[in-house]
Amino acid sequence: MGATSNAIRFEGTDRYYLNPELREIVNIAIAMEKPLLLTGEAGTGKTRLAYEIARALNLKMEEARCKSTFKGEELCYVYDTVLRLNDSRFGSGNSGRNVDNIWDYIRFGPIGRAFIAEDRRVLLLDEIDKTDSDTQDNLLDVLEEGSFIIREINHKIEARVKPIIIITSNAKRELSDPFLRRCFCHYIPFPSPEEMAIIVKLHYPDIPDTFLEACLTVFYRLREQEFEKPPATAELLDWIGSLRASGLKGPGGGKDIPFIGTLLKRTEDILKFKGMRRRERF
Amino acid sequence: MIEFFYRLRDAGIPVSLHSIMDFYEAVRKGLVSDMDSLFLVARLVFVKRVEHYDLFEQTFAAYFYGKDGAKILEEWEDLFNSKPFRRWLDEEIRSGRLDPKDAETLPMEELIKRFWETVIAQREAHSGGSRWIGTNGGSPFGHSAAVPQDGGIRVYGASVHGTARKVIGERRYINYADDAPLTKENLRQVLSSMKSLRPVGPLAELDVDETIYRTAKNGGEIELIFRRELRNKVEIVVLLDNGGYSMTPYIPLVKTIFHRIRDTFEHVRYYYFHNCIYGTVYKDPQRTKPLRWEDLLQLGPKARLIIIGDANMAPSELMASFGAIDMFTTVRKPGYQWLQELRKAFPASVWLNPIKKELWKYESSTIRRIASIFYMEDLTLGGLKRAVEYLNLQGSTVDAL
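A. Quick look at the overall build of chain B. If you tally the helices and strands in chain B, you get 18 helices and 9 strands. A burial count over chain B gives 45% of its 401 residues as buried. When contacts within chain B are restricted to residue pairs at least 6 apart in sequence, those whose partners lie at least 24 apart make up 69%. Surface summary for chain B: the accessible area is close to 21000 Å², and the carbon and sulfur share equals 54%.

Encoded structure:
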């Protein structure tokens, strides 16, 4: 397994701008077989990165979007008692399930699927900070050992190939120290204007440079003002899309920004923006 | 390399043996080929929090590129241009401790060293070695110069023994919620053993045993029984004594614990009071935004109440009507009655006292009286463990209701 993991190198894809530092970090995490925990503002491409790794390395993806109600086990497997009860009462019909065989009633979750797969998978645990800290600790045990136990039959499932694990967090709540200790952690900073220009060009390859520059100036100026929810990459792309679709030549002279609703999403922010403009005008 | 690990530790980045092993594993795998990859690998392995990035970079630069790293120079400039430094320099020159000529000829290191010596000396003298005292200090050294001016006399005055009569014009407060590095790892484990299992959410969990039983009774006709799942939903109300000097020696300790409580639990409310509780607690450390007594009592009985205070006051504050320490109080009920009410509203409550248990009987008679109302433990790991056990036990009866 060591040989294959060394051979794997992630170089980014044509659709996704990859900061060289981040590329190295991903490769170090892959080589060390450590879960990579990505934190950072929304819109810095944390989740996208996992997809792009899977795409670039041609691996299948297992994805778990965390919810606060998760206990951790359902990411490994779910034992469907109700279905089995139903089958034992009414028969399994022609579904091919055998009531005497518990395996017909166990469904694997994303972690389970990544472990039993013959091939190496990319396992994404999205927004881990939504779960309880107990859940996080349990999950990390599972991920570190690469195995879990199906309690009902005391059967151990072991990973055939350790998946590449990407974990994202919006840092809503602090993650526990033991959790952090077992991961490689990386904070993705918001892209600089130069990097942002590259990102926009990946989405709108034919965008004129002057137009792009004007948009970015407005965008970063807006970000500097303290809005509740500052516009991020996704908003910028939407906004530029709207500007181009409507055939406008530029992003406005600074006093009137068209389609401001695509950049600022909260009512208070929009009101603040408008109020501010008015004050500036007089 | 080993020395570098220790430098990181000294700088305040928690480096564990585990991470050092990881580092060598990375080296063995050939991931470290040049300075850049060394930097990245070391950061990935050792730095777990974004707050430490800057510290790491500085330590790295200082260790591998020597003291002249560009970063450090920049920092010096910042320091030289900062107000406290300027003020200190002016003061030194005015008082004749520093020759103006020296100020220009002395090497920067020497000046900085002297500056810090002054700051540290001030801190130790006036605030028990703690830098969290003062008013809203934004910069780490900014407010230490301001400390001697407000209430300096009292440091050496009556408050030494912890018993203050009326504190006139008391404006000081201690902001426990300020950010400080967390130190005590084992605290978290104690705290997270706090449990409050309650049925929550929709009826979604299948009760297998009950279902089989009912189904069998039903002559084999399936009857599904669902129940609410039990989840750990601890709600905590923390009341902090943050006024006066009697609490001053315990600030670092209380801060650490307060932080741990805040980071470990999702549902925490914290309010402040001064010495004893007289019908109001405050939402902010400055004690300007009061919370109504009824609103506080309403948070019970399921929430766990943790009071952190030294319970050390003049007996009259606790026992006498109009005993409250603030001049203009019109509160008629004596302190202990308020405490009893609070205790009744929160069946699961503890009083955590930063004074060591052995010393309670010497410190003040009020400690004993309050301990007869609230279950009291001291702020040691053991005391905290017992307090959590007590809360769990008291709480389990409340949760079942």
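B. The overall build of chain A, seen in detail. Looking only at helices and strands, chain A has 13 helices and 9 strands in total. Evaluated residue by residue, chain A yields a buried proportion of 49% over its 282 residues. Intrachain contacts of chain A at a sequence separation of at least 6 include 73% that bridge at least 24 residues. As displayed, chain A has an accessible area near 13800 Å², and 50% of this comes from carbon and sulfur atoms.

C. Local environment of a nonpolar patch on the surface. Residues and elements named next belong to chain B. On the surface, a cluster of nonpolar side chains totalling about 460 Å² of accessible area is made up of Met1, Ile2, Tyr6, Tyr24 and Val27. Within the residue set of the nonpolar patch, elements represented by two or more residues are α1 (2-11) and α2 (17-28). Here Val27 shows up in helix α2. For Val27, a relative accessible area of 35% corresponds to the partly exposed category.

D. Representation of the environment of Ala42 of chain A. Residue and element names in this part refer to chain A. By secondary structure assignment, the location of Ala42 is in the loop between β1 (36-39) and α3 (46-57). Its relative accessible area of 49% is what places Ala42 among the partly exposed residues. The spatial distance from the C-alpha of Ala42 to the C-alpha of Ala234 is 9.1 Å, given a sequence separation of 192 residues.

E. Quick look at the sheet that holds strand β9 (residues 184-187) of chain A. Residue and element names in this part refer to chain A. Ordered in space as β2-β5-β8-β1-β9, the 5 strands form an open sheet in which the pairing is parallel. Here the strands that pair on one side only, and so sit at the sheet edges, are β2 (60-65) and β9. Strand-to-strand twist in this sheet, taken as the mean axis angle between neighbours without regard to direction, amounts to 20°. As defined by bridge partners, β2 adjoins strand β5 (residues 121-126) across 6 bridges and the pair is classed as parallel. Within β5, the residue paired with Glu62 across the bridge is Leu123.

F. Just unusual backbone geometry, in detail. Of note, the phi angle at Glu33 of chain A is positive, near 55°, even though the residue is not glycine. Here Glu33 of chain A shows up in the loop between α2 (20-32) and β1.

G. Broad picture of the nonpolar core. If you look at the biggest cluster of nonpolar residues, it comprises 53 residues, and the most contacted ones within it are Val237, Leu239, Leu296, Ile308, Leu342 and Trp351 of chain B. Looking at this core, the element that brings in the most residues is strand β3 (residues 235-241) of chain B, giving 5 residues. Not counting the four nearest positions on each side in its chain, Leu239 of chain B is found in contact with Tyr271, Phe273, Ile277, Val281, Leu296, Leu305, Ile306, Ile307, Ile308 and Leu342 of chain B. One finds Met32, Leu36 and Ile164 of chain A together with Ile20 of chain B within the second-largest nonpolar core, a separate group that totals 46 residues.

H. Here's a closer look at the interface of chain B and chain A. Taken together, the contact between chain B and chain A spans 34 residues of the former and 34 residues of the latter. For the pair chain B and chain A, the two sides together bury roughly 3100 Å², of which 56% comes from carbon and sulfur. It is Leu44, Lys48 and Arg231 of chain B in chain B that bury the most area against chain A; as a group they hold 21% of the surface buried on that side. Joining chain B to chain A, the criterion identifies 2 salt bridges. With its nearest N and O atoms 3.2 Å apart, the salt bridge here joins Glu21 of chain A to Arg43 of chain B. Contributions of two or more residues to the side of chain B that touches chain A are made by α2, α3 (35-46), α10 (185-191), β1 (197-206), α11 (208-217), β2 (226-232) and α12 (251-264) of chain B. Tallying contributions element by element places α3 of chain B first for the side of chain B that touches chain A, with 5 residues. Of the residues belonging to the side of chain B that touches chain A, the class tally is 14 nonpolar, 4 polar and 16 charged.

I. Looking closely at empty space enclosed by the protein. Residues and elements named next belong to chain A. Tallying each qualifying case throughout the model produces 6 cavities of 30 Å³ or more. Approximately 80 Å³ is the volume attributed to the second largest cavity. Together, Ala29, Ile30, Glu33, Lys34, Leu36, Arg120, Lys162, Pro163, Ile164, Ile165 and Ile166 line the second largest cavity. Looking at the lining of the second largest cavity, the elements with two or more residues in it are α2 and β8 (164-169). Classifying every residue of the lining of the second largest cavity gives 7 nonpolar, no polar and 4 charged.

J. Looking closely at the state of the cysteines. Residues and elements named next belong to chain A. Going through the model one piece at a time under the given rule, you end up with 0 disulfides over all chains. Of all cysteine sulfurs, the one in Cys185 lies closest to Cys183, which takes part in no disulfide; the gap is 5.6 Å. Classification of Cys183 by relative accessible area gives buried; the value is 0%.

K. Spotlight on the packing of helix α9 (residues 193-203) of chain A against helix α10 (residues 209-224) of chain A. All names here are of chain A. At a closest axis distance of 11 Å, the pairing of α9 and α10 adopts a crossing angle of 125°. When the interaxial angle is binned, α9 and α10 end up oblique. For the element pair α9 and α10, the recorded crossing hand is right-handed. From α9, Pro193, Met196, Ala197, Val200 and Lys201 reach across to α10, where they touch Asp209, Leu212, Leu216, Phe219 and Tyr220. In terms of residue class, the contact of α9 with α10 is made up of 8 nonpolar, no polar and 2 charged.

Calculation notes
Residues numbered from 1 in each chain as written. Chains lettered and ligands numbered in written order. Predicted model: local features only at pLDDT ≥ 70, side-chain atom pairs only at ≥ 80, totals over all residues. Heavy atoms only, no water. Helix = DSSP H or I, 4+ residues; strand = E, 2+ residues; numbered from the N terminus. Buried < 20%, exposed > 50% of the residue type's maximum accessible area, 1.4 Å probe, protein only. Contact = heavy atoms within 4.5 Å. Areas by Shrake-Rupley, 256 points an atom, 1.4 Å probe, with all protein chains shown as cover. Patch = residues over 30% accessible without salt bridge, like charges linked within 9 Å, V, L, I, M, F, W, Y side chains within 5 Å. Salt bridge = Lys/Arg side-chain N within 4 Å of Asp/Glu carboxyl O. Pairing = 2+ DSSP bridges. Axes fitted to C-alpha atoms, helices over the stretch in contact; angles between N-to-C directions. Core = buried A, V, L, I, M, F, W, Y, C linked by side-chain atoms within 4.5 Å. Buried area = accessible area lost by both parts, 1.4 Å probe. Nonpolar A, V, L, I, M, F, W, Y, C, P; charged D, E, K, R; others polar. 1 Å grid on protein atoms, 1.4 Å probe; cavity = no way out; pocket = protein on both sides within 12 Å on 5 of 7 lines; lining within 4 Å. Points joined across faces, edges and corners; volume = space filled by probe spheres on them. Disulfide = S-S within 2.5 Å. Parallel < 35°, antiparallel > 145°, perpendicular 65-115°, else oblique. Left-handed = near helix turned anticlockwise from the far one by under 90°.

So, to be careful, I would describe these as geometric facts and stop short of saying anything about function.
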